[in-house]
Amino acid sequence: MELSKMTALEIGSKIKAKELGVVEVTKAALENIEKTDKAYRAFVTVCGEKALTQAEKIQKGIDDGTLTSPLAGVPMAVKDNMCTEGVLTTCASKILTGFKPTYSSTAVRKLEDAGAVILGKLNMDEFAMGSTTETSVHGVTVNPWGENRAPGGSSGGSAVAVAADEAYYTLGSDTGGSIRQPAAFCGVTGLKPTYGTVSRYGLIAYASSLDQIGPIGKNVEDIAEVLSVISGHDPKDSTSVKQDSIKITLDNNIKGKRIGLPKDYFGEGLNSEVKASVLAAAKKLEELGAIVEEFEMPELQYAIPAYYIIACAEASSNLSRFDGVKYGYASPEFKDLTDLYYKSRSEGFGMEVKRRIMIGAFVLSSGYYDAYYKKALQVKAIIKQSFDRAFEKYDCILSPTAPTTALKIGENLSDPLKMYLGDIYTVSVNLAGLPSMVVPCGFDSQGLPIGLQLTGKAFSENEIMNVGYAFQQSTDYHTKKPVLKTGKEA
Amino acid sequence: MKITDEMIDYIGILARLKLQDEEKETAKTELEKIINYMDTLNTLDTTGIEAMSHAFPVKNVFREDVIKPSVDREIITLNAPAKKDGCFKVPKTVE
């Protein structure tokens, strides 16, 4: 088998058994990126030399027994909104031009401590605001599964790097579906952990009450291992939960597990092929011993407006730190300090980011605060309650991830509201802070991947990952690979 | 709701964003569409529901006040577009 096609744990075990060297694996991965990424542009920064130096050090650590993680020596890559010490971190925005953080995010540092080789940084929608990876200042990332298809977003680069076998696993972030939707569109496995499970220290904030870092990989076992490394309490993130890192036990037994299908997630607006494929997956889980049942969750329709009000409000506050003074882009000409702020921000932010900052400023402004922001927080409470009710009856909720498969590049950019509506199945999970995983469950008639979404109650990562694992043990959708282009053909 | 020129200008001041005339027109139309969509929340009765900021109970986090070395000025200002004597440099703010 080609090296690049192996899973993270397969590579890790071969390194551990001394069948492969870390430098050899890293070199192969870098050559592979060089060959493949011209067509897909998942990477915005490749750390060639740094990765090789890191690889040598890690090999020594493995040899002398200090690095024992099953992921030691395995090359991976990171979404460009996580700080990496000394390595460009742009959030795909002009306003962070040239920004080299002086520290690494906790999730990245934990992986480095476990012996991860960091290949580089991955493309995304500017400030993670978007569902297509098209709003990036670095240009569009291409989905390897179709001609001229967008990878979804905002963690589009993180999903494509795994789908195109450029990295063995990646880190993404999920504020309203940004790990799950691109994972579904690119046929890979992705997890948004429970809010507070992974430290957000060093993650450039979009909407702090919703943001969560999570892994994207080739199968459930791989991302379970990554989760065990990156999770756990961090005093540098006061919302991180006081718990040890999560150890997932996958036993492939889902007999008697109660799985709920929210009827309202399968109604109008859902593509019929996606629907058929997700329902077929439900059948499969039934065959494996789960009890699958439909139930009603009508509050779903309020999730998108509530989500966009809350996310934009937090964004308008979080992004006020970009002022042309402390880091990143500063306008070259200005009259005074206020003018420096206005010009740096107006020239530095892209249109979608400006739009969300303005929506946020509006819903928080005096006279509108109660009608929008406060109302959205009340709706959030209602959505949380409706999940609580569902989890009294079910261990896990099965649903589609997105109403369609991957869209054509450019198809959604012209109509922001249309793009927002595509987040219908994912945003409620962030509002309620729940863990949610996507696993591949089929392909449409054009050969584009479809992903199912498994959502559990807070801190039930083990539960949902075991269901996903059981599904992958008896299906092979996650092992299918796109036919890759090399060179500049795409 | 109608988004007027005055409203867009006011939002621009709050957000410290200056839009070109063309951008302003597009923003007006788009914001109006998006905010009207957000008004669908009004069809849900939320009387008596407490606004929820965090999905889980979040309390103030305290720690012992122990003196530790802070990050070097040199490092903090490493990414500054303009700096002088270990400080961020900005245009004159007080006459």
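The structure presented is a predicted model; accordingly, all values stated were derived computationally and were not measured.

Rules behind the numbers
Residues numbered from 1 in each chain as written. Chains lettered and ligands numbered in written order. Predicted model: local features only at pLDDT ≥ 70, side-chain atom pairs only at ≥ 80, totals over all residues. Heavy atoms only, no water. Helix = DSSP H or I, 4+ residues; strand = E, 2+ residues; numbered from the N terminus. Buried < 20%, exposed > 50% of the residue type's maximum accessible area, 1.4 Å probe, protein only. Pairing = 2+ DSSP bridges. Axes fitted to C-alpha atoms, helices over the stretch in contact; angles between N-to-C directions. Salt bridge = Lys/Arg side-chain N within 4 Å of Asp/Glu carboxyl O. Parallel < 35°, antiparallel > 145°, perpendicular 65-115°, else oblique. Contact = heavy atoms within 4.5 Å. Nonpolar A, V, L, I, M, F, W, Y, C, P; charged D, E, K, R; others polar. Phe/Tyr/Trp six-rings, centres within 6.5 Å; stacked < 30°, edge-to-face > 60°. Lys NZ or Arg CZ within 6 Å of the ring centre and 35° of its normal. Buried area = accessible area lost by both parts, 1.4 Å probe. Expected span 1.5 Å × (residues − 1). Core = buried A, V, L, I, M, F, W, Y, C linked by side-chain atoms within 4.5 Å. Bend = angle between axes of the 7 residues up to and from the residue. Patch = residues over 30% accessible without salt bridge, like charges linked within 9 Å, V, L, I, M, F, W, Y side chains within 5 Å. Areas by Shrake-Rupley, 256 points an atom, 1.4 Å probe, with all protein chains shown as cover.

It is worth spelling out unusual backbone geometry at this point. Residues and elements named next belong to chain A. Here the amide bond leading from Gly-153 into Ser-154 is cis, since omega sits at 10°, within 30 degrees of zero. Within the fold, Ser-154 resides in the loop between strand E3 (117–122) and helix H5 (156–163). Phi at Arg-41 takes a positive value of approximately 55°, unusual for a residue other than glycine. Examined against the element boundaries, Arg-41 turns out to sit in the loop between helix H2 (22–40) and strand E1 (43–46). Using a relative accessible area of 38% as the deciding quantity, one classes Arg-41 as partly exposed.

With that settled, the discussion passes to the sheet that holds strand E8 (residues 291–295) of chain A. Residues and elements named next belong to chain A. Read from one edge to the other, the open sheet built from 11 strands follows the order E1-E3-E2-E4-E6-E5-E10-E11-E9-E7-E8, with strand pairing classed as mixed. Only two strands of the sheet have a single partner each, and these edge strands are E1 and E8. Ignoring strand direction, the axes of neighbouring strands in this sheet form an average angle of 30°. Bridge analysis of strand E10 (residues 436–443) against strand E11 (residues 449–455) gives seven bridges, and the strand direction is antiparallel.

It is worth spelling out the pattern of salt bridges at this point. All names here are of chain A. Considering all chains together, one arrives at 30 salt bridges over all chains under this definition. One salt bridge in this structure joins Lys-14 and Glu-19, with 3.2 Å as the shortest N-O distance. Two residues, Asp-165 and Lys-218, come together in a salt bridge whose shortest N-O distance is 2.9 Å. Separated by 53 residues along the polypeptide, Asp-165 in the loop between H5 and strand E4 (169–174) and Lys-218 in the loop between strand E6 (212–217) and helix H7 (220–230) bring together distant segments of the chain.

Residue and element names in this part refer to chain A. The geometry of H7 relative to helix H15 (residues 461–473) is characterised by a closest axis approach of 9 Å and an angle of 155° between their N-to-C directions. Overall, the two elements H7 and H15 adopt an arrangement that is roughly antiparallel. Contact with H7, carried on its side by Val-220, Glu-221, Ile-223, Ala-224 and Leu-227, involves Glu-461, Met-465, Gly-468, Tyr-469, Gln-472 and Gln-473 of H15 and no other residues of that element. Residue classes in the contact of H7 with H15 are distributed as six nonpolar, three polar and two charged.

So, about the packing of aromatic side chains. Considering all chains together, one arrives at 17 aromatic pairs over all chains under this definition. Both rings, one in Tyr-369 of chain A and one in Tyr-373 of chain A, keep their centres 5.3 Å apart while their planes meet at 55°; by these two values the pair is tilted. Looking at Tyr-373 of chain A, the relative accessible area reads 14%, which means it is buried. An aromatic cluster is present here, built from Phe-99, Phe-127, Phe-322, Tyr-327 and Phe-349 of chain A joined pairwise through their rings. Lying over the aromatic face of Tyr-342 of chain A, Lys-18 of chain B brings its terminal NZ or CZ to 4.5 Å of the ring centre.

So, about the interface of chain B and chain A. If you look at the interface, chain B gives 47 residues, while chain A gives 66 residues. Both faces considered, chain B and chain A share a buried interface measuring about 5,000 Å² in area, 73% of it formed by carbon and sulfur atoms. Of all residues in chain B, the largest losses of buried area upon contact with chain A belong to Leu-41, Phe-56 and Asn-79 of chain B, amounting jointly to 13% of the total for that side. For the interface between chain B and chain A, the tally reads three salt bridges. Salt-bridge contacts for Lys-354 of chain A lead to Glu-23 of chain B; the nearest nitrogen and oxygen are separated by 3.3 Å. Elements represented by at least two residues in the side of chain B that touches chain A include exactly helix H1 (5–15) and helix H2 (21–38) of chain B. In terms of residue count, H2 of chain B provides more of the side of chain B that touches chain A than any other element does, nine residues in total. Split by residue class, the side of chain B that touches chain A holds 30 nonpolar, nine polar and eight charged.

This part is about H2 of chain B. Its 18 residues place the ends of H2 of chain B 25 Å apart at the C-alpha level, agreeing with the 26 Å of an ideal helix rising 1.5 Å per residue. Three or more residues of H2 of chain B are buried, namely Ala-27, Lys-28, Glu-30, Leu-31, Glu-32, Ile-34, Ile-35 and Met-38 of chain B. Residues of H2 of chain B that are buried make contact with helix H9 (303–318), helix H11 (351–364), helix H12 (370–393) and helix H13 (416–421) of chain A together with H1 of chain B.

So, on to the pairing of E6 of chain A. All names here are of chain A. Taken across its six residues, E6 has six buried, putting it largely inside the fold. Here E6 shows two buried faces, one formed by Gln-212, Gly-214 and Ile-216 and the other by Ile-213, Pro-215 and Gly-217. Strand direction decides the pairing type here: E4 and E6, joined by six bridges, are antiparallel. When the sheet's bridge partners are listed, Ser-173 is paired in E6 with Ile-213.

Within the largest apolar cluster, 173 residues are counted, with the highest numbers of intra-cluster contacts made by Phe-127, Tyr-169, Leu-171 and Met-465 of chain A. Once residues lying within four places of it in the same chain are set aside, the contact partners of Met-465 of chain A are Leu-191, Val-220, Ile-223, Ala-224, Leu-227, Ile-248, Leu-250 and Met-437 of chain A.

This part covers the environment of Glu-64 of chain B. All names here are of chain B. Inspection of the secondary structure puts Glu-64 in the loop between H2 and helix H3 (73–76). In this structure Glu-64 comes out as exposed when scored by relative accessible area, which is 66%. When the C-alpha atoms of Glu-64 and Glu-50 are compared, they prove to be 33 Å apart, with 14 residues separating the residues in sequence.

The next subject is H2 of chain A. Residues and elements named next belong to chain A. Its 19 residues give H2 an end-to-end C-alpha distance of 25 Å, which sits within 8% of 27 Å, the value for a rise of 1.5 Å per residue. Considering bend angle alone, the principal kink of H2 is centred on Glu-34 and spans about 35°. Buried within H2 are the following residues: Val-22, Val-25, Thr-26, Ala-29, Leu-30, Asn-32, Ile-33, Thr-36, Asp-37, Ala-39 and Tyr-40. Structurally, H2 contributes buried residues whose contacts are with helix H1 (8–16), E1, helix H3 (48–63), strand E2 (75–79), E3 and H5. Where H2 ends, the next residue or the one after it, Arg-41, has phi of about 55°, a positive value.

Moving on, we get to a nonpolar patch on the surface. A cluster of nonpolar side chains, contributed by Val-71, Ile-75, Ile-76 and Phe-88 of chain B, occupies part of the molecular surface with about 330 Å² of accessible area. Relative to the elements of secondary structure, Ile-75 of chain B occurs in helix H3.

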